[in-house]
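Coordinate analysis (summary)
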Amino acid sequence: MPELAVPTIPEEGSPEFYMAEALKLARQAAALGEIPVGAVIVRDGRIIGRGFNSTETDKDPTVHAEMKAIRQAAAELGGWRLIGCDMYVTLEPCSMCAGAIVLSRIERLFIGTMDPKAGACGSLRNIPGDERLNHQPELIYGVLQTECQAILKDFFRKLRQVRKEERRSVQ
Ligand SMILES: [Zn+2]
């Protein structure tokens, strides 16, 4: 039996397809020198919210990718309940974003790669999985994990390089 070719472009409507859209946003963040994280919110197959991290540019600690995507989706739907919506985010959400995801009633949360330092969806704690809260989004891990990990690694490697060169030029 011939081996199946690995598709380079994910099939439209698949989790990989939407995560690839989130990765495009993460790349926009990286281009601005921001930690590259991107998020999209999908309802009935349509992207209704997009966001990328811009805390440095906006000088605002709350403008994470997920928060911006939630605000946009709520504006689009005309209400704060994101019923029937799924979120795709390249990096495991922090405590703030995980809280907002529960509050907004997102149904399914697709995560690219985990954040052992600040993640609140299984790493440090699991806010969406806390049954004491009145809503638990379903969690799906590891969508395009390699790509989501690579964009962060690449960003921090370049950042270290820049800092090293800065130190050299000072001496
Ligand atoms: Zn966050």
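Here we summarise the structure given alongside this text. (Residues numbered from 1 in each chain as written. Predicted model: local features only at pLDDT ≥ 70, side-chain atom pairs only at ≥ 80, totals over all residues.)

The next subject is the overall build of the protein chain. Scanning the protein chain from N- to C-terminus turns up five helices and five strands. Starting at the N terminus and ending at the C terminus, the protein chain contains elements arranged as α-β-β-α-α-β-α-β-β-α. Taking 16 Å as the expected radius of gyration for a compact globule of 171 residues, we find that the protein chain reaches 17 Å, a close match to that expectation. Oriented by its inertia axes, the alpha-carbon framework of the protein chain measures out at about 55 × 50 × 30 Å. Every one of the 171 residues in the protein chain was classed for burial, and the buried ones make up 36%. Taking all contacts inside the protein chain whose residues are at least 6 apart in sequence as the whole, residues at least 24 apart take part in 55%. (Helix = DSSP H or I, 4+ residues; strand = E, 2+ residues; numbered from the N terminus. Rg over C-alpha atoms; globule rule 2.2 N^0.38 Å. Buried ≥ 20, exposed ≤ 12 C-beta atoms within 10 Å, placed from the backbone. Contact = placed C-beta atoms within 7 Å.)

In terms of burial, strand β4 (residues 108–113) is largely enclosed, as five of its six residues are buried. Taken together, the five bridges between strand β3 (residues 85–91) and β4 define a ladder with parallel strand orientation. The residue bridging Y88 from the neighbouring strand is F110, located in β4. At this point the chain moves from β3, through helix α4 (residues 95–103), to the parallel β4, and the crossover so formed is right-handed. Across four bridges, the pairing between β4 and strand β5 (residues 138–141) is parallel. (Pairing = 2+ DSSP bridges. Right-handed = clockwise from strand over helix to strand, strands pointing away.)

Our next topic: the environment of G142. If you trace the backbone, G142 turns up in the loop between β5 and α5 (145–170). On the basis of neighbour count, G142 is assigned to the partly exposed category, with 14 C-beta atoms found within 10 Å. Separated by 51 residues in the primary sequence, G142 and L91 place their C-alpha atoms 9.7 Å from one another.

Before going further, it helps to spend a moment on the packing of helix α3 (residues 65–77) against α4. In a packed pair of helices, the relevant descriptors are the angle between the two axes and the axis-to-axis distance. Axis separation between α3 and α4 bottoms out at 9 Å; the angle between their running directions is 25 degrees. Our classification of the angle between α3 and α4 gives roughly parallel. Helix-helix and strand crossings are classified by hand; for α3 and α4 the assignment is left-handed. Two secondary-structure elements touch here, α3 through E66, M67 and I70 and α4 through C97, A100 and I101. Taken together, the residues of the contact of α3 with α4 break down into five nonpolar, no polar and one charged. (Axes fitted to C-alpha atoms, helices over the stretch in contact; angles between N-to-C directions. Parallel < 35°, antiparallel > 145°, perpendicular 65-115°, else oblique. Left-handed = near helix turned anticlockwise from the far one by under 90°. Nonpolar A, V, L, I, M, F, W, Y, C, P; charged D, E, K, R; others polar.)

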